[in-house]
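Observations on the three-dimensional arrangement
So you can see what is in the structure, the chains are spelled out below.
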Amino acid sequence: MTHDITHETELNRFSVTVDDQLCVLEYELADNLMTITHTRVPPAVGGKGIAAELTRTALETARQHQWRVVPQCSYAAIYITRHPQYADLTV
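Right, let's walk through the structure included here. (Residues numbered from 1 in each chain as written. Predicted model: local features only at pLDDT ≥ 70, side-chain atom pairs only at ≥ 80, totals over all residues. Heavy atoms only, no water.)

1. Side note on the pattern of salt bridges
Put simply, the rule reads: By definition here, a salt bridge exists when the distance from a side-chain nitrogen of Lys or Arg to a carboxyl oxygen of Asp or Glu is within 4 Å. Summary of the burial criterion: residues with accessible area below 20% of their type's maximum are buried, those above 50% are exposed, and those between are partly exposed, where the area comes from a 1.4 Å probe applied to protein chains only. Numbered from the N terminus, helices here are DSSP runs of H or I no shorter than four residues, and strands are runs of E no shorter than two.
This structure, assessed with the given rule, holds three salt bridges. The salt bridge involving arginine 13 is made with glutamate 8; its shortest N-O contact spans 2.8 Å. For the residue pair arginine 13 and glutamate 8, the accessibility class agrees, reading buried in each case. With its nearest N and O atoms 3.3 Å apart, the salt bridge here joins lysine 48 to aspartate 19. Taken as a pair, lysine 48 in the loop between β4 (33-40) and α1 (50-65) and aspartate 19 in the loop between β2 (13-18) and β3 (21-30) lie far apart in primary sequence, 29 residues in all.

This is how it looks when you write it as structure tokens:
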């Protein structure tokens, strides 16, 4: 399932609401370096691939803007390990 993820640049996050539950990937951006700090999906909607979609969207955005990525969030780090096509983005 694909969700309509929003890039909220003013809040430094990607978000989507699923079944009235806000799911987010938060990041910091400085000097073209995106540090992914947190991924949060409430348990009520967990297990549906939402965190993966948020992470993939963030990484694709980083690629489009030629940002480097620091996966400080453990979920993002594991995601990149499992999807080596994004390894070139990491610092």
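2. With respect to the packing of α1 against helix α2 (residues 74-82)
Worth spelling out the cut-off: Axis definition: a line fit to C-alpha positions, over the contact stretch in the case of helices; interaxial angles, taken between N-to-C directions, run 0 to 180 degrees. To sort the angles, those under 35 degrees are grouped as roughly parallel, those over 145 as roughly antiparallel, those from 65 to 115 as roughly perpendicular, and the leftovers as oblique. Residue contacts are counted whenever heavy atoms from the two residues lie within 4.5 Å of one another. Residue polarity is assigned by list, with Asp, Glu, Lys and Arg as charged and Ala, Val, Leu, Ile, Met, Phe, Trp, Tyr, Cys and Pro as nonpolar; anything else, Gly included, falls into the polar class.
Direction vectors running N to C along α1 and α2 enclose 75°, while the axes themselves pass 10 Å from each other. Classified by the angle their axes make, α1 and α2 are roughly perpendicular. Residues Ala51, Ala52, Thr55, Arg56 and Leu59 of α1 lie in contact with α2, whose contacting residues are Tyr75, Ala76, Tyr79 and Ile80. Taken together, the residues of the contact of α1 with α2 break down into seven nonpolar, one polar and one charged.

3. Some words on the nonpolar core
Selection criterion: The nonpolar core is taken to be a set of buried Ala, Val, Leu, Ile, Met, Phe, Trp, Tyr and Cys residues, with the residues joined through side-chain atoms within 4.5 Å.
By size, the foremost hydrophobic cluster in this structure holds 24 residues, and its most contacted members are Phe14, Met34, Ile36, Leu54, Leu59 and Val69. Only β2, β3, β4, α1 and α2 provide two or more residues apiece to this core. At six residues, α1 tops the list of elements feeding residues into this core. Setting aside its immediate chain neighbours within four residues, isoleucine 36 contacts Leu25, Glu26, Tyr27, Leu59, Val69, Val70, Pro71, Gln72, Cys73 and Ala76.

Read these as spatial facts, not as claims about activity.
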